[in-house]
Amino acid sequence: MRSEASVKATDYATDGRTRRGVLARYAELLPLTASTPHLSLGEGDTPLLAAPRLAEWIGVNDLHLKYEGANPTGSFKDRGMVVAVAKAIEAGSTTIICASTGNTSASAAAYAARAGIRAVVLLPAGNVARGKLAQAVVAGATVIMLDCNFDGALDVARKLARDYRVALVNSVNPHRIAGQKTGAFEICDELGDAPDVVALPVGNGGNVTAYASGFATYRTLNRASHTPIFIGAQAAGAAPLVLGAPVLNPETVATAIRIGNPASWDSAVSAVTDSGGCFVAIPDDAILEAYHKVVEMEGVFCEPASAAGIAALRTQVRSGAIGPSLSAVCILTGNGLKDPDRATPESFNPGSIAADASTIAASLGFVGR
Ligand code: F0G
């Protein structure tokens, strides 16, 4: 039987629009009550794209890309943030706080603005992609740069939330995980079952925890016949879960996953090892190779961290750990536009020429009609 809350939230969704947001779409599977506000920026319902050319490069027959860069603030964080902010408001909070490598802060800032509450974001100075910083600033968040990495910033955010009346919206907040499970729900709803393999980048460990939990929920509900094998991609310079020990000074071009001591360490390890999968350390050059391949071959522009999952899947297929006949989904966690400095080097300057059609046609080798 449906709870009063889910009926209410579902009613809200029956106006015929798509992109009605995850609270409305998955109300009965989320921790909502009658007094949870109906917050939405139209998150979720992201494209699941068949990727035949990239599949060939990786060496699998059946590959889909879950393009989370199509979320309202351009990353998967929106799925969990909408739940965390709605629940914070329900509990009476008027200020939310998070530490972030960038995407969490962009999402927190947007949902706080939408809900009319205050967001405070703590960022590792000098290591946040420009687009993400811009998003937090324009949405009116209080942005504080700290002289430490993400791990240090999360420590401070936790202390502030413990001692003061502010709600922590990092993925240690279980409502974030609950919302991020909807990514797994959507994949099963669209494919009709779980895929055999899911590859995704792992930083703080929240998302892989959420996906494992989401597929497990669908398995229990008989909406999936099995749960997938998880491949957790870490950057080689920030690979605590591969090394089995925290990394004091994590370094990688994939700043989103520049994390040395994941807060969801234990749940990330169980998610991956219980699935029969593993964590893989990907060098920066392989991350950037995958970053270019996915947009050149499929037109899908993701940020470097997201490409780590593609590179990790390829590594596992090449080593024989993953068979070519298995169906695979790569979670492309963030939009490439967030990190424009990575897309075009500082030296990039295409120059310009005279605006003359026939000279341009000649230089391009165009054939006349
Ligand atoms: N991909 C992107 C684009 C991310 O921004 C993050 C995390 C991850 C993957 C890893 O997910 O932490 O749940 O294992 N970004 C966080 C942030 C840390 O602050 O935006 P995770």
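All values derive from a computational prediction rather than experimental measurement.

Calculation criteria
- Residues numbered from 1 in each chain as written.
- Predicted model: local features only at pLDDT ≥ 70, side-chain atom pairs only at ≥ 80, totals over all residues.
- Heavy atoms only, no water.
- Near = heavy atom within 4 Å.
- Polar contact = N/O pair within 3.5 Å; in protein donor to acceptor, adjacent residues only side chain to side chain.
- Areas by Shrake-Rupley, 256 points an atom, 1.4 Å probe, with all protein chains shown as cover.
- 1 Å grid on protein atoms, 1.4 Å probe; cavity = no way out; pocket = protein on both sides within 12 Å on 5 of 7 lines; lining within 4 Å.
- Sits in = over half its atoms within 2 Å of the grid points.
- Helix = DSSP H or I, 4+ residues; strand = E, 2+ residues; numbered from the N terminus.
- Nonpolar A, V, L, I, M, F, W, Y, C, P; charged D, E, K, R; others polar.
- Pairing = 2+ DSSP bridges.
- Buried < 20%, exposed > 50% of the residue type's maximum accessible area, 1.4 Å probe, protein only.
- Right-handed = clockwise from strand over helix to strand, strands pointing away.
- Points joined across faces, edges and corners; volume = space filled by probe spheres on them.
- Axes fitted to C-alpha atoms, helices over the stretch in contact; angles between N-to-C directions.
- Parallel < 35°, antiparallel > 145°, perpendicular 65-115°, else oblique.
- Contact = heavy atoms within 4.5 Å.
- pLDDT = per-residue confidence, 0-100.

## Points about the site of the ligand
Lining the immediate surroundings of the ligand are 20 residues, of which Ser100, Thr101, Asn103, Asn204 and Thr333 lie closest. The backbone of Gly203 places a nitrogen or oxygen atom 2.8 Å from an oxygen atom of the ligand. For the ligand, the accessible surface in isolation is 470 Å², of which the surrounding protein chains cover 99%. Most atoms of the ligand, that is more than half of them, are within 2 Å of grid points of the largest cavity. Only helix H5 (103–115) and helix H10 (206–220) provide two or more residues apiece to the shell around the ligand. Grouping the amino acids of the shell around the ligand by side-chain chemistry returns six nonpolar, 12 polar and two charged.

## As for the sheet that holds strand S5 (residues 142–146)
Sheet strands pair by backbone hydrogen bonding; their relative direction is either parallel or antiparallel. Spatial strand order, S5-S4-S3-S6: four strands in an open sheet with parallel pairing. Both outer strands of the open sheet, S5 and strand S6 (167–168), are each paired with one neighbouring strand and no more. Note that strand S3 (residues 95–99) and strand S4 (residues 118–124) share five bridges and pair parallel. Directly across from Cys98, in S4, lies its bridge partner Val121.

## Points about the pairing of strand S8 (residues 229–235)
Among the seven residues in S8, six count as buried, and that is most of the element. Relative to S8, strand S7 (residues 197–201) runs parallel, the two being bridged by five bridges. When the sheet's bridge partners are listed, Val197 is paired in S8 with Ile229. For the crossover from S7 across H10 to S8, the handedness is right-handed. Two elements, S8 and strand S9 (residues 278–282), share five bridges in a ladder whose sense is parallel. Paired with Gln234 across the strands is Ala281, a residue of S9.

## Things to note about empty space enclosed by the protein
Per the stated rule, a full pass over the model turns up one cavity of 30 Å³ or more. Residue lining of the largest cavity: 26 residues in total, with Phe76, Lys77, Gly203, Asn204 and Ala256 positioned closest to the centre. The element contributing the most residues to the lining of the largest cavity is H10, with three residues. Along the lines of polarity and charge, the residues of the lining of the largest cavity split into nine nonpolar, 14 polar and three charged.

## Quick word on helix H9 (residues 182–191)
For H9, the tally of buried residues reaches seven of 10 residues, placing the bulk of the element in the interior. All buried positions along H9 are accounted for by Thr182, Gly183, Ala184, Phe185, Glu186, Ile187 and Cys188. Directly beyond the C-terminal end of H9, a positive phi value near 85° is found at Gly192.

## Structural notes on the packing of helix H13 (residues 284–298) against helix H14 (residues 304–318)
Packing of H13 against H14 brings their axes to within 7 Å, and their N-to-C directions diverge by 100°. By the criterion of interaxial angle, the relationship of H13 to H14 is roughly perpendicular. On H14, the residues touching Ala286, Ile287, Leu288, Glu289, Ala290, Tyr291 and Val294 of H13 are Pro304, Ala307, Ala308, Ile310, Ala311 and Arg314. For the contact of H13 with H14, a count of residues per class yields 11 nonpolar, no polar and two charged.

## Some thoughts on the confidence of the model for the chain
When pLDDT is averaged along the chain, the result is 95; 95% of the residues meet or exceed 70. Scored below 50 in pLDDT, residues 1–14 makes 24 contacts in the model with residues more than four places away or belonging to other chains.

## A closer look at the sheet that holds S7
The six strands lie next to each other as S1-S2-S10-S7-S8-S9, forming an open sheet whose pairing is mixed. Looking at which strands have only one partner, the edges of the open sheet turn out to be strand S1 (48–50) and S9. Put simply, the sheet's adjacent strands are angled 25° from each other on average, direction ignored. Across six bridges, the pairing between strand S2 (residues 62–67) and strand S10 (residues 327–332) is parallel. Across the sheet, Tyr67 pairs through a bridge with Leu332, a residue of S10. Sitting on the sheet, H13 is in contact with S1, S2, S8, S9 and S10, with an inclination near 95° to S9.

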